[in-house]
Amino acid sequence: FEDEITITLSKPVIIGKGENSITYEEIKLREPTAGEMEKAARADTSIGAAITLIGLVAGIPRSSVEKFSKRDLVAANKFLEGFTGAGQSEEAGQS
């Protein structure tokens, strides 16, 4: 299992206009910290939690992640679920 991954977005996300715009063509993801997972867990929906966590881990604004295509959101979330999903036996707080 990889600790870091670079995902090339199927549709680049552009924030802003003109020369001040920022284009995200790829994102780098790594294992989330406990604090990042806690912040994401405060979201009202599972999609909201995924958007928050991806933004925190990738170091990009949440508003940028909100513009991801479904395919890109699913790819990023699938990687992060490897650290936080039910597939891990050493999940914190489980007894």
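Residues numbered from 1 in each chain as written. Predicted model: local features only at pLDDT ≥ 70, side-chain atom pairs only at ≥ 80, totals over all residues. Heavy atoms only, no water.

## Some points on the overall build of the chain
A tally of regular secondary structure across the chain gives four helices and two strands. Listing every helix and strand of the chain by position from the N terminus yields β-β-α-α-α-α. Across the 95 residues in the chain, those meeting the buried criterion constitute 32%. Within the chain, residue pairs in contact and separated by at least 24 positions form 52% of the contacts whose partners lie at least 6 positions apart. (Helix = DSSP H or I, 4+ residues; strand = E, 2+ residues; numbered from the N terminus. Buried < 20%, exposed > 50% of the residue type's maximum accessible area, 1.4 Å probe, protein only. Contact = heavy atoms within 4.5 Å.)

## Observations concerning the packing of helix α1 (residues 34–41) against helix α2 (residues 46–58)
Between α1 and α2, the shortest axis-to-axis distance is 8 Å and the interhelical angle comes to 150 degrees. Relative to α2, the element α1 is oriented roughly antiparallel. The chirality of how α1 crosses α2 is right-handed. Each of E36, M37, K39 and A40 in α1 lies in contact with α2, whose residues at this interface are A49, T52, L53, L56 and V57. (Axes fitted to C-alpha atoms, helices over the stretch in contact; angles between N-to-C directions. Parallel < 35°, antiparallel > 145°, perpendicular 65-115°, else oblique. Left-handed = near helix turned anticlockwise from the far one by under 90°.)

## Here we look at the pattern of salt bridges
The full count for this structure, using the stated rule, is four salt bridges. Of the charged contacts, one joins E66 and R62 as a salt bridge, the two residues approaching to 2.5 Å between their closest N and O atoms. Judged by its relative accessible area of 35%, R62 falls in the partly exposed class. (Salt bridge = Lys/Arg side-chain N within 4 Å of Asp/Glu carboxyl O.)

## Thoughts on a negative patch on the surface
A grouping of E2, D3, E4 and E31 is seen on the molecular surface, where their side chains present a negatively charged patch. Among the structural elements, E31 can be located in the loop between β2 (22–30) and α1. Since its relative accessible area comes to 42%, E31 is described here as partly exposed. (Patch = residues over 30% accessible without salt bridge, like charges linked within 9 Å, V, L, I, M, F, W, Y side chains within 5 Å. Areas by Shrake-Rupley, 256 points an atom, 1.4 Å probe, with all protein chains shown as cover. Lys, Arg positive; Asp, Glu negative; His and termini not counted. Charge placed at Lys NZ, Arg CZ, Asp CG, Glu CD.)

## Here's the deal with the pairing of strand β1 (residues 4–15)
When β1 meets β2, the two strands line up antiparallel, connected through eight bridges. In the sheet register, T6 faces β2, and the bridge partner there is K28. As consecutive antiparallel partners, β1 and β2 are separated by six residues, and within that stretch G16 has a phi angle of approximately 85 degrees, a positive value. (Pairing = 2+ DSSP bridges.)

The quantities given are spatial measurements derived from coordinates; they are silent on function.
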